[in-house]
Every structure is written in C-alpha cells, then in structure tokens.
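Next come the chains, spelled out residue by residue.
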Amino acid sequence: MPDGALPADLDLRARMALELPGGLVEHIDRVVALADTLARHHGLEVPLARLMAQGHDLVRHVPPADLLARAEARGLPIDPVERDAPLLLHGPIGALELRERFGVTDARVFDAIWHHTWGHPDYTPEAWAMFIADKVEPHKVRRWKALRRVHRLALDVSLEAAALLYLDLRLKEAVREGHTVHPLATLTRNYLLRARAEA
Ligand SMILES: [Fe+2]
Ligand SMILES: [Fe+2]
C-alpha cells in the first residue's frame, strides 16, 4: 500500500474477524453501516468514516487488566479514572495496535480511534460520524432509549449537536450514579458548548 493511502475497510474487516469475538464483529459492522449513512448524509469522506468505524474497537475484547498492562508497558500517561476503569484504555491501545500490527497509518484514523470514548475538541467531521455511530447503533438504542434523540439530532441538526447531547446524558448519568467523570468528557463537552454558542 502506498504511504498515506487508506486501506479498504473490508480488507481490515477480514483481518480483524480472525481475532475478534463474533459479537464484537457484529457491533463493528453496525457501526460501519451507520457511520457510512451519517457521513453520506452530511457530505463527508465516506471511506474515511468507514475505516475509522472498522478499526475503532480492535481491542475492545481485551480484559481490563491486560489493557492496563499494555498501557503501562508503553509508558502511556494513565488518568486515575482510567486506572479505575481500564476498559477506557481500549481507544488508545486500539489506535496504537492498528498502526503497528495492521499498518493503518493515517493520522486522522489514529486520532479518531484513540479518543472514541469521549470524542475530542480536534475531531474531524468524519470522526464525529464514527463517534455518533458507535454510540447510537441499534443495539445500544434498544438498551437505552434516550439515545434515540441523539440519533435524531445527528440526522436533523448536526453531528456535534448529537455529540453534545450524548455527553450531557453521560454526565447526568455519572452524577446520578455517583461516578467519576473522565477529564476529556468535560473538555470535549466544553468545546461543543462553546462551539454551539459561537454558531
Ligand atoms: Fe469502543
Ligand atoms: Fe464500539
């Protein structure tokens, strides 16, 4: 593959299916399909959004203690919230392993996957399409009906408006349940709030 070229998401799917559990492959398939729809709807780069979606959960099945060990072995900075819930590290570790083991070198894909749990103020529109698709794929909406509004906003208003509602819902849930909030959830939400105010 020439440097900088995007591999087809179907090639990546075939290689990932060899090591991922079936249920996770099905989740990823639903996210790819929805990211495709959202990217098309908003006139974005569809192959880029599909590739971000295809790669996003490469290590989602890895046990939390193993994710923590991989992060420590690489010397990654680990937030206390991540130390308490190492599953949150599957974004960064997935981005790194996708580059190292699967040769996906595009920086936009790397950043999108690294931050796919909370989004990021520097996200590209395609990254937002992948992010929303991951949060509102049909199985997740069935489990948490409030996500239906997030999906609607993504179609009727904007991907960023949908992301803001999603983070609001997660924040309210954290307050209700007495859970900690990851700093990036707050940073991203602040960015989205300010962007909305300036629009
Ligand atoms: Fe994930
Ligand atoms: Fe996912």
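Residues numbered from 1 in each chain as written. Chains lettered and ligands numbered in written order. Predicted model: local features only at pLDDT ≥ 70, side-chain atom pairs only at ≥ 80, totals over all residues.

K.L.:
An account of the overall build of the chain is needed here, citing residue identities and associated values.
P.N.:
Across its full length, the chain holds twelve helices and zero strands. Along the chain direction, N to C, the helices and strands of the chain fall in the order α-α-α-α-α-α-α-α-α-α-α-α. Computed over the C-alpha atoms, the radius of gyration of the chain is 16 Å, within 12% of the 16 Å expected from 2.2 N^0.38 for a compact globule of 199 residues. Overall size of the chain, expressed as C-alpha extent along the three principal axes, is 40 × 40 × 30 Å. Classification of the 199 residues of the chain by burial places 37% in the buried group. Across the chain, contacts joining residues at least 24 apart in sequence account for 59% of those joining residues at least 6 apart. (Helix = DSSP H or I, 4+ residues; strand = E, 2+ residues; numbered from the N terminus. Rg over C-alpha atoms; globule rule 2.2 N^0.38 Å. Buried ≥ 20, exposed ≤ 12 C-beta atoms within 10 Å, placed from the backbone. Contact = placed C-beta atoms within 7 Å.)

K.L.:
Pulling in residues and values, what's your account of the nonpolar core?
P.N.:
Core analysis: the largest hydrophobic core is formed by 48 residues, its most contacted members being Ala-35, Met-52, Ala-129, Met-130, Ile-132, Ala-133 and Ala-163. Among the elements of the structure, helix 2 (22–41), helix 3 (46–55), helix 4 (64–73), helix 6 (90–102), helix 7 (107–114), helix 8 (125–136), helix 10 (147–156) and helix 11 (159–177) are those that each provide at least two residues to this core. Per element, the largest residue contribution to this core is eight residues, and it comes from helix 8. Once you skip the residues sitting within four places of it in the chain, Ala-133 turns out to touch Val-31, Leu-34, Ala-35, Leu-38 and Ala-53. (Core = buried A, V, L, I, M, F, W, Y, C linked by C-beta atoms within 7 Å.)

K.L.:
So what's going on with the environment of Ala-112? Which residues, and what values?
P.N.:
Within the fold, Ala-112 resides in helix 7. Owing to 29 C-beta atoms within 10 Å, Ala-112 belongs among the buried residues under this scheme. Sequence separation between Ala-112 and Tyr-123 is eleven residues, and the spatial gap between their C-alpha atoms is 6.7 Å. In this view, Ala-112 contacts Met-52, Tyr-123, Thr-124, Ala-127 and Met-130; residues no more than four positions away in its chain are not counted.

K.L.:
Give me the environment of Arg-196: which residues, what numbers.
P.N.:
Mapping Arg-196 onto the fold places it in helix 12 (residues 183–198). In this structure Arg-196 comes out as partly exposed when scored by C-beta crowding, with 13 C-beta atoms within 10 Å. In the structure, Arg-196 is positioned 107 residues away from Leu-89 in sequence and 29 Å away in space, judged by C-alpha atoms.

K.L.:
Hey, could you go over helix 3 for me, with residue numbers and the actual values?
P.N.:
Taking burial as the measure, the ten residues of helix 3 include eight buried ones, the bulk of the element. Here helix 3 has its buried residues at Leu-48, Ala-49, Arg-50, Leu-51, Met-52, Ala-53, Gln-54 and Gly-55. At its buried positions, helix 3 is contacted by helix 1 (9–17), helix 2, helix 6, helix 7 and helix 8.

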